[in-house]
Amino acid sequence: ALLQENGLDPDNFPRVHRFASASAGPLTAILAGIMQEHSLSEIDFLKCDIEGGEFDVFLANNDFLDVVKNLAMELHPEEGSVADLARTLREHGFDVRISDQFGAEISPEKGHYLYASRDGSLVEARP
């Protein structure tokens, strides 16, 4: 409905009705597989809200990160180490910012959101 209200064709935005994972299976999807299925060679912006699955998806089998330019994700620190997640993203060439729900930068263990960019698209933190 949101796509149609904004004049966008929903057929251009396929949904994946499987759980995001680091390993593919009948009920799971890996990002590299989704990219291959839709003939994507790069991702300009990846938004993730996978309810704690970020740690599984991004800390294992993460070669797909090399073709992602920018990403944003909701964090669930109780599900894994945000510091490890940020370190992995930095190792893949990303600048990383972690914020609270109001956009203020915060330590990883208290973070609500993570923003990462390899092309300089991150804006300065709000005061």
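In what follows, the accompanying structure is described.

Now for the sheet that holds strand E5 (residues 95–99). Taken in spatial order, the 4 strands of this open sheet run E3-E4-E6-E5, and their pairing is mixed. Both outer strands of the open sheet, strand E3 (43–48) and E5, are each paired with one neighbouring strand and no more. Each strand of the sheet is rotated relative to its neighbour by a mean of 10 degrees, with strand direction disregarded. As judged from the 5 bridges shared by E3 and strand E4 (residues 68–74), these two strands associate in the parallel manner. By the bridge assignment, Lys47 is partnered in E4 with Ala72. Across the face of the sheet, helix H4 (residues 82–91) comes into contact with E4, E5 and strand E6 (113–117) while running at roughly 155 degrees to E5.

This brings us to the environment of Arg87. One can find Arg87 in helix H4. Here Arg87 falls in the partly exposed class, since its relative accessible area comes to 42%. It is 19 Å that separates the C-alpha atoms of Arg87 and Lys47, two residues lying 40 residues apart in sequence.

Let us look at unusual backbone geometry. In the Ramachandran plot, Ser39 falls in the positive-phi region, its phi being about 55 degrees despite a non-glycine side chain. Note that Ser39 resides in the loop between helix H2 (31–37) and E3.

Attention now goes to the layout of surface pockets. Its volume calculated, the largest pocket comes out at about 1,200 Å³. Taken together, 29 residues form the lining of the largest pocket, with Pro14, Val16, Ile34, Leu46 and Lys47 sitting closest to its centre. Those elements giving two or more residues to the lining of the largest pocket turn out to be strand E1 (19–20), H2, E3 and helix H3 (54–59). When residues in the lining of the largest pocket are grouped by element, the largest group, 5 residues, is from E3.

Before going further, it helps to examine the pattern of salt bridges. Here the structure, examined in full by the defined rule, presents 4 salt bridges. Measuring nitrogen to oxygen at the nearest pair gives 2.1 Å for the salt bridge that ties Arg87 to Asp84. Of this pair, Arg87 and Asp84 both sit in helix H4, separated by 3 residues, roughly a single helical turn. In this structure Asp84 comes out as partly exposed when scored by relative accessible area, which is 31%.

Glancing now at the nonpolar core. Soluble globular proteins: nonpolar side chains tend toward being buried together. Phe58, Leu71 and Leu114 are the most contacted members of the largest nonpolar core, which has 23 residues in total. Elements with a minimum of two residues in this core: H2, E3, H3, E4, H4, E5 and E6. Residue contributions to this core peak at 4 residues, all from H4. Every residue in contact with Leu114, bar those within four places of it in the chain, is listed here: Leu71, Ala72, Met73, Leu75, Leu85, Leu89, Val96, Arg97 and Ile98.

The rules behind these values
- Residues numbered from 1 in each chain as written.
- Predicted model: local features only at pLDDT ≥ 70, side-chain atom pairs only at ≥ 80, totals over all residues.
- Heavy atoms only, no water.
- Pairing = 2+ DSSP bridges.
- Helix = DSSP H or I, 4+ residues; strand = E, 2+ residues; numbered from the N terminus.
- Axes fitted to C-alpha atoms, helices over the stretch in contact; angles between N-to-C directions.
- Contact = heavy atoms within 4.5 Å.
- Buried < 20%, exposed > 50% of the residue type's maximum accessible area, 1.4 Å probe, protein only.
- 1 Å grid on protein atoms, 1.4 Å probe; cavity = no way out; pocket = protein on both sides within 12 Å on 5 of 7 lines; lining within 4 Å.
- Points joined across faces, edges and corners; volume = space filled by probe spheres on them.
- Salt bridge = Lys/Arg side-chain N within 4 Å of Asp/Glu carboxyl O.
- Core = buried A, V, L, I, M, F, W, Y, C linked by side-chain atoms within 4.5 Å.

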